[in-house]
Amino acid sequence: MAEKILLTGGAGYIGSHTYCELVAAGYEVVIFDNFSNSRPDVLERLEVITGAPVTCYTGDVLDRAALDRVFSENEIAAVIHFAALKAVGESAEKPLEYIQTNVSGLITMLDAMRAADVWRLVFSSSATVYGEAEMLPIPEDAPRGYTNTYGFTKLVCEQTLEQIAASDPRWAFGTLRYFNPAGAHDTGLIGEDPNDIPNNLMPYIAKVATGELEKLSVFGNDYDTPDGTGVRDYIHVVDLARGHVQSVRALIETGTSHTVNLGTGTGYSVLDMLHAYERACGHDLAYVIAPRRAGDVGSCYADPAKAAQVLGFQAERGLDDMCSTSWNWVSRRKNT
């Protein structure tokens, strides 16, 4: 009988793609989502992609009774915990909400898992835990810190998992530090779908490409990078989803915790991304150079060696693939 995996926030951008990869790998999957930053119709699209009905509970990770119901009605082998607030700028304006959802939500989940005798959890972390990175590419043993409330919550969650793992050998955690997810599913049925002005570069460029936004603001062109614009490690969301499958499989099979970067190890600049998107959509995109933003760094990209060693993970898809699948997704959405 296939192991059953619980995905909190499973209807969101990364969660929905991971759902597809888990089903393709033979797992049964249960989604738990409050739909605060996702749309219920994604469940119908997941059914089309996978050819099977989707099991979903609507609820919040702060609601212990709702979590207990999921565990009592399903024999869960492991949890992949995506449910969190994730906008860096908003986190500075609403620190209490971010700490409550991201930190207290994780603790509520862990308490419900312990009560249900479930001891395997993959945690959705972030490269923001490296703060102002002191080395490039960034290895997992780089110093940790934070430059915003969102990064603070991810760092506190990581430290919480470390304390718990050290206290009880039954626990095993896969801590996955994402770099910059981008792109969409090859079917064009699911992708990044922010409810408001995007926080990330690619969906912002996508809205310029569809005409929803007039132009892209490029924050700074005087960094010590090949073209002066900020360089980041973008990873295709389907590659990222595969990393979660490999992480949860390793936890179930070995019972040993791991912490790894999920990135490509290649840095792309803002203008690299813009020009790749122009190739994907077939026309030029307007942009203006704006002042640097406080807290932004010139370059940030992963050392992906440990993920390859521990999980056998390697990103397979490049920037043009990220842009073409994103364009397929947003142009389909605009025309429906």
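In this text, all values refer to a predicted model and were calculated from it rather than measured experimentally.

Definitions and cut-offs
- Residues numbered from 1 in each chain as written.
- Predicted model: local features only at pLDDT ≥ 70, side-chain atom pairs only at ≥ 80, totals over all residues.
- Heavy atoms only, no water.
- Helix = DSSP H or I, 4+ residues; strand = E, 2+ residues; numbered from the N terminus.
- Buried < 20%, exposed > 50% of the residue type's maximum accessible area, 1.4 Å probe, protein only.
- Contact = heavy atoms within 4.5 Å.
- Areas by Shrake-Rupley, 256 points an atom, 1.4 Å probe, with all protein chains shown as cover.
- Lys, Arg positive; Asp, Glu negative; His and termini not counted.
- Charge placed at Lys NZ, Arg CZ, Asp CG, Glu CD.
- Pairing = 2+ DSSP bridges.
- Axes fitted to C-alpha atoms, helices over the stretch in contact; angles between N-to-C directions.
- Parallel < 35°, antiparallel > 145°, perpendicular 65-115°, else oblique.
- Left-handed = near helix turned anticlockwise from the far one by under 90°.
- Nonpolar A, V, L, I, M, F, W, Y, C, P; charged D, E, K, R; others polar.
- Polar contact = N/O pair within 3.5 Å; in protein donor to acceptor, adjacent residues only side chain to side chain.
- Phe/Tyr/Trp six-rings, centres within 6.5 Å; stacked < 30°, edge-to-face > 60°.
- Lys NZ or Arg CZ within 6 Å of the ring centre and 35° of its normal.
- Core = buried A, V, L, I, M, F, W, Y, C linked by side-chain atoms within 4.5 Å.
- Salt bridge = Lys/Arg side-chain N within 4 Å of Asp/Glu carboxyl O.

(A) Structural view of the overall build of the protein. A count of helices and strands for the protein gives eleven helices and 14 strands. Here the C-alpha coordinates of the protein stretch approximately 55 × 45 × 40 Å along the principal axes. In the protein, which comprises 336 residues, the proportion classed as buried is 54%. Here the analysis covers contacts within the protein between residues at least 6 apart in sequence; of these, 79% occur between residues at least 24 apart. For the protein, the exposed surface amounts to about 14,500 Å²; the carbon and sulfur share of it is 47%. Charged side chains of the protein number 26 positive and 44 negative; the gap between the two group centres comes to 2 Å.

(B) Expanded view of the pairing of strand 8 (residues 216-219). Burial along strand 8 is one-sided: the residues Leu216 and Val218 are buried and none of Ser217 and Phe219 is. As defined by bridge partners, strand 8 adjoins strand 13 (residues 287-290) across four bridges and the pair is classed as parallel. When the bridges of strand 13 are listed, Ser217 appears paired with Val288.

(C) Region of interest: unusual backbone geometry. Leu136 connects to Pro137 through a cis peptide bond whose omega is -10 degrees. Its place among the elements puts Pro137 in the loop between strand 5 (120-126) and helix 6 (149-167). Phi at Phe35 is positive, roughly 60 degrees, even though this residue is not glycine. For Phe35, a relative accessible area of 16% translates into the label buried.

(D) Looking closely at the packing of helix 1 (residues 13-24) against helix 8 (residues 237-254). Following both chains from N to C, one finds helix 1 and helix 8 inclined at 60 degrees, their axes separated by 8 Å at the closest point. Judged by the angle between their axes, helix 1 and helix 8 are oblique. As helix 1 packs across helix 8, the resulting crossing turns out to be right-handed. Residues Tyr13, Ile14, His17, Thr18, Glu21 and Leu22 of helix 1 form the contact with helix 8, whose participating residues are Val237, Val238, Leu240, Ala241, Arg242, His244, Val245 and Val248. Per-class residue counts for the contact of helix 1 with helix 8 are nine nonpolar, three polar and two charged.

(E) Looking closely at the side chain of Ser38. Mapping Ser38 onto the fold places it in the loop between strand 2 (28-33) and helix 2 (42-50). A polar contact is formed between the side chain of Ser38 and the side chain of Asp33, at a distance of 3.3 Å.

(F) Region of the structure containing the sheet that holds strand 9 (residues 231-232). Ordered in space as 12-9-14, the three strands form an open sheet in which the pairing is mixed. On the outer flanks of this sheet lie strand 12 (268-269) and strand 14 (299-300), each paired with one strand and no other. Pairing of strand 9 with strand 14, which is carried by two bridges, proceeds in the parallel orientation. Within the sheet, the bridge partner assigned to Val231 lies in strand 14 and is Ser299.

(G) Examining the packing of aromatic side chains more closely. The tally for this structure, following the rule as stated, stands at four aromatic pairs. Aromatic side chains Trp119 and Trp171 sit 4.7 Å apart centroid to centroid with 75 degrees between the ring planes, which places their arrangement in the edge-to-face category. Taken together, the residues span a long stretch of sequence, with Trp119 in the loop between helix 5 (95-115) and strand 5 and Trp171 in the loop between helix 6 and strand 6 (172-178) at a distance of 52 residues. No difference in accessibility class separates Trp119 from Trp171, as the two residues are buried. Ring geometry for Tyr146 and Phe152: centres 5.2 Å apart, planes at 70 degrees, overall edge-to-face. With a relative accessible area of 47%, Tyr146 lands in the partly exposed category. We note Arg292 situated over the ring of Tyr223; from NZ or CZ to the ring centre the distance is 4.0 Å.

(H) The arrangement of the nonpolar core in detail. Among the nonpolar cores identified, the biggest contains 37 residues, and Ile5, Leu7, Leu22, Ile80 and Leu262 are the most heavily contacted of them. It is helix 8 that contributes the most residues to this core, seven residues altogether. Excluding residues within four positions of it along the chain, Ile5 makes contact with Leu22, Tyr27, Glu28, Val29, Val30, Ala78, Ile80, Val248 and Ile252.

(I) Geometry of the pattern of salt bridges. Evaluation of the coordinates by the stated rule reveals 22 salt bridges. Close ionic contact of Arg333 with Asp41 constitutes a salt bridge, the shortest N to O distance being 3.9 Å. Of the two residues, Arg333 is situated in helix 11 (residues 319-334) and Asp41 in the loop between strand 2 and helix 2; the sequence distance between them amounts to 292 residues. Note on Asp41: relative accessible area 28%, which makes it partly exposed. A salt bridge links Lys94 to Glu90; the shortest N-O distance between them is 3.6 Å. Within the structure, one salt-bridge network assembled from shared partners comprises Arg39, Asp41, Arg45, Asp193 and Arg333.

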